[in-house]
Amino acid sequence: MTVQAEQTVTATPAGAERRYDVVVVGGGAAGLSGALTLARARRSVLVIDAGRPRNAPASHVHSYLTRDGVPPAELAALGRAEVTGYGGEIVEGEVVAAERLDAGGFRVVLEGGSAVVADRLLVTTGLVDELPEVPGLAERWGREVLHCPYCHGWEVRDQAIGVLATGPLAVHQALLWRQWSEDVTLFLHTAPEGGDSGDFGDEEYERLAARDIAVVDGRVTALEVADDRLTGVRLADGRVISRQALVVTPRFTARSGVLTGLGLETTDQEMGGHVIGSYVAADPSGATALPGVWVAGNVTALTEQVIGAAAAGGRAAAAINADLVAEETRRAVAARRDGVSARDAAGRHNHAHADPREGAPADAPVSDEEFWDRRYGGSDRIWSGNPNTILVREITGVEPGTALDLGCGEGADAIWLARRGWRVTATDISGVALDRAARHAAAADVADRIDWQRHDLGASFPDGVFDLVSAHFLHSLGDMPREKILRTAASAVAPGGVLLVVGHAGFPSWERNPHPGVHLPTPEEVLESLALPNGEWEVLLCEEHERIQNDPEGRPTTRTDNALKVRRLNG
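Conventions used here
- Residues numbered from 1 in each chain as written.
- Predicted model: local features only at pLDDT ≥ 70, side-chain atom pairs only at ≥ 80, totals over all residues.
- Heavy atoms only, no water.
- Helix = DSSP H or I, 4+ residues; strand = E, 2+ residues; numbered from the N terminus.
- Buried < 20%, exposed > 50% of the residue type's maximum accessible area, 1.4 Å probe, protein only.
- Areas by Shrake-Rupley, 256 points an atom, 1.4 Å probe, with all protein chains shown as cover.
- Patch = residues over 30% accessible without salt bridge, like charges linked within 9 Å, V, L, I, M, F, W, Y side chains within 5 Å.
- Salt bridge = Lys/Arg side-chain N within 4 Å of Asp/Glu carboxyl O.
- Lys, Arg positive; Asp, Glu negative; His and termini not counted.
- Charge placed at Lys NZ, Arg CZ, Asp CG, Glu CD.
- Core = buried A, V, L, I, M, F, W, Y, C linked by side-chain atoms within 4.5 Å.
- Axes fitted to C-alpha atoms, helices over the stretch in contact; angles between N-to-C directions.
- Parallel < 35°, antiparallel > 145°, perpendicular 65-115°, else oblique.
- Left-handed = near helix turned anticlockwise from the far one by under 90°.
- Contact = heavy atoms within 4.5 Å.
- Nonpolar A, V, L, I, M, F, W, Y, C, P; charged D, E, K, R; others polar.
- Pairing = 2+ DSSP bridges.
- pLDDT = per-residue confidence, 0-100.
- Phe/Tyr/Trp six-rings, centres within 6.5 Å; stacked < 30°, edge-to-face > 60°.

Draft legend 1. Summary view of the overall build of the protein. For the protein, the helix and strand inventory stands at 14 helices and 26 strands. Expressed as a percentage of its 571 residues, the buried residues of the protein come to 51%. If you sum the accessible surface of the protein, you get close to 25,500 Å²; carbon and sulfur atoms cover 48% of it.

Draft legend 2. View of a negative patch on the surface. On the surface, a cluster of negative charge is made up of Glu524, Glu525, Glu528, Glu544 and Glu546. For the negative patch, the secondary-structure elements that each account for two or more residues are helix H14 (523-530) and strand S25 (537-550). No other element matches the three residues that H14 contributes to the negative patch. Mapped onto the secondary structure, Glu524 falls in helix H14.

Draft legend 3. Structural view of the nonpolar core. Within the largest apolar cluster, 28 residues are counted, with the highest numbers of intra-cluster contacts made by Ile395, Leu417, Val424, Ile450, Trp452 and Leu468. Broken down by secondary-structure element, the contributors of at least two residues to this core are helix H10 (389-395), helix H11 (412-419), strand S21 (423-428), helix H12 (431-443), strand S22 (450-454) and strand S24 (493-504). No other element matches the five residues that H11 contributes to this core. Judged by nonpolar contacts, the second largest core, of 25 residues, contains Val25, Val258, Val295 and Val299.

Draft legend 4. Molecular detail of unusual backbone geometry. Its identity is not glycine, yet Asp227 carries a phi of approximately 55°, on the positive side. Structurally, Asp227 can be placed in the loop between strand S12 (220-226) and strand S13 (229-235). Judged by relative accessible area, Asp227 falls into the exposed class, the value being 78%.

Draft legend 5. Up close: the packing of helix H1 (residues 29-40) against helix H2 (residues 72-85). Two elements in contact, H1 and H2, have axes whose closest approach is 9 Å; the angle formed by their N-to-C orientations is 20°. One way to sum up the angle between H1 and H2 is to call them roughly parallel. When you trace H1 past H2, the crossing you get is left-handed. Counting all contacts with H1, which are made through Leu32, Ala35, Leu36 and Ala39, the residues of H2 involved are Ala76, Gly79, Arg80, Glu82 and Val83. Residues belonging to the contact of H1 with H2 are distributed by class as follows: six nonpolar, one polar and two charged.

Draft legend 6. Expanded view of the sheet that holds S12. In space, the three strands of this open sheet follow the order S12-S13-S14, with antiparallel pairing throughout. This sheet does not close on itself; its edge strands, each paired only once, are S12 and strand S14 (240-242). Pairs of neighbouring strands in the sheet enclose a mean axial angle of 30°, with direction left out of account. Relative to S13, S12 runs antiparallel, the two sharing six bridges. Its bridge partner lying in S13, Val225 is registered against Leu230.

Draft legend 7. Up close: the pattern of salt bridges. The final tally for this structure, using the stated rule, is 26 salt bridges. Where Glu94 meets Arg52, a salt bridge forms, and the shortest distance between an N and an O atom there is 2.8 Å. Of this pair, Glu94 sits in the loop between strand S3 (89-92) and strand S4 (95-100) while Arg52 sits in the loop between strand S2 (45-49) and H2, and the two are 42 residues apart along the sequence. Note on Glu94: relative accessible area 25%, which makes it partly exposed.

Draft legend 8. Just the confidence of the model for the protein, in detail. With 85% of its residues at a pLDDT of at least 70, the protein reaches an overall mean of 84. Overall, residues 1-16 carries pLDDT values under 50, and its contacts beyond four positions in sequence, including any with other chains, amount to 74 contacts.

Draft legend 9. The arrangement of the sheet that holds strand S15 (residues 245-247) in detail. What the five strands build is an open sheet, ordered S8-S15-S9-S10-S11; its pairing is parallel. Strands at the two margins of the open sheet, each flanked by one partner only, are strand S8 (145-146) and strand S11 (214-216). Pairing of strand S10 (residues 184-187) with S11 involves three bridges; the strand directions are parallel. Within S11, the residue paired with Leu186 across the bridge is Val215.

Draft legend 10. The side chain of Thr300, seen in detail. Tracing the chain through its elements places Thr300 in the loop between strand S19 (293-295) and helix H7 (306-338). Residues contacting Thr300, with those up to four places away along its chain left out, are Tyr279, Val280, Ala281, Ala282 and Val295.

Draft legend 11. Here's a closer look at the pairing of S13. Connecting S12 to the next strand, S13, in antiparallel fashion are two residues, including Asp227 with a positive phi near 55°. Relative to S14, S13 runs antiparallel, the two sharing three bridges. By the bridge assignment, Gly232 is partnered in S14 with Ser242.

Draft legend 12. Layout of the environment of Arg255. Tracing the backbone through its elements, the reader meets Arg255 in the loop between strand S16 (251-254) and helix H6 (257-260). Overall, the relative accessible area of 25% leaves Arg255 in the partly exposed class. Measuring from C-alpha to C-alpha, the distance between Arg255 and Thr125 comes to 5.7 Å, with 130 residues separating the pair along the chain.

Draft legend 13. Looking closely at the packing of aromatic side chains. Taken as a whole and assessed by the stated rule, the structure comprises four aromatic pairs. Taken together, a centroid distance of 6.3 Å and an interplanar angle of 50° make the contact between Trp177 and Trp180 tilted. Assigned by exposure class, Trp177 and Trp180 land together as buried. Summarising the aromatic geometry, the rings of Trp372 and Tyr376 are spaced 5.9 Å apart at their centres and angled 40° between planes, so their arrangement reads as tilted. Of this pair, Trp372 and Tyr376 both sit in helix H9 (residues 368-377), four residues apart, which is roughly one turn of the helix. We note that Trp372, like Tyr376, is buried.

Draft legend 14. View of the environment of Cys542. On the secondary structure map, Cys542 appears in strand S25. Judged by its relative accessible area of 28%, Cys542 is partly exposed. Taking the C-alpha atoms as reference points, Cys542 and Leu564, separated by 22 residues in sequence, lie 4.6 Å from one another. Filtering out sequence-adjacent residues up to four positions away, Cys542 remains in contact with Pro523, Glu524, Ala563 and Leu564.

Draft legend 15. The arrangement of the packing of H9 against H12 in detail. Running from amino to carboxyl end, H9 crosses H12 at an angle of 45°, the nearest separation of the two axes being 7 Å. Compared by their axis directions, H9 and H12 come out oblique. On the side of H9, the interface is formed by Asp373, Tyr376 and Gly377, while H12 contributes Gly431, Val432, Ala433 and Arg436. A per-class count over the contact of H9 with H12 returns three nonpolar, two polar and two charged.

Here it is in structure tokens:
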């Protein structure tokens, strides 16, 4: 049976633009940290990530407490899982434009034409490293061609290090890198000489000589590489100076396109009287000159390391939440004075899901199979592509085995499990959904770990026993025998395995006439209906939890769901 995950839709339906409390543009350390803080503050938050992290060429992140040495992609994956675990959404895409709306908030347009609306923007798009024009330099960037000693100095300690001079900061760079190696050579390259400008006068040469730093005249024309490692630097006169690492000073240019489109210009960043790049100016919280727009990370702090960018994202998120709280309070006070309920005045836009069968035409009854095929066939994507929050929370860290996903929909849960080493059997009543899920699994490179099976669970059920059986929001307004299906699911759990059931504990508050004959049980009622034999099962979780869901008018309300997790004992 198709089920809807406890997550929000990130694809934009035709004719609709979803609204969020905050849209974060950029999915690096700053953006994910901000999104995590906002999601934990129960804000609806969407991260739009173009997938071009600045640190992609680097093999590891350093000076990040408790995460030193982690590959950048792994750090990003951990951050994404934490954000989605608290209900935040993440989509991959390029933001091509943003505009302020007359009614308040911002419209953010993605490549391809889809758009979302946000009350606030957090822009964490980072910067572009513009490298000196030396053949072969870009290909070694992030490997042996470096710029930050605090990021990479330890890894090239005691090696032969060259510093490429392109301006007056070269002397500073050479003296700084001397901390990590006694063998440092400064290549004058294109840096101007002559003391009048303070570039390379007698005082600079004296300082370099005092630290035993060699100085080489001439333009660098190429890098020498052997066995995919830097071995030297070639000069215009043909000389080759042996080096194992080369330090350069890029020009740091903020990725500010979305902000300049809103009227925010960049500012030159100077160091020692020399322009080293451009940034977007902001106050210590990240607030820009444009109300409602914050920045964090390298887009506003060019020399910030990863851990600093993450901290800045958290600071900006706290400031954004405080700003939203202040606005909501002003509206609530005004509404109270006018005799309007505070809930109507709040106007926040948390986006969670509706019941699976809501919106089905009352005058044209169809089977569950037909309904879900039509539902999936009417849109390129219904759910967000993120795994269910409770699944992530309860199964992260569990040793992978075999899993059965009942009502897999477009496959987010099954793919999440497969990526973590599980062998998954995933079922749904909709063939359209299964075809789409299989394509998503192929794109995620886990197609060989998932067996997609079409079942009307009231009539047929997958064969076998499993270490994990998962059923999320297995509800229907039709005649689906839910209790029977869940008892069958329990019988399919292997000794030592787990059954995880998540569902609604009541109808949304805006439904004035809940569906007659349809009962949404408490977790205790779900447990009782399983009729588990005494002494054979252990209850690990049996609880209700609340989340925010908007009513049809866009007003936030509280919805109650339940979760049950039981383990079959060995023996």
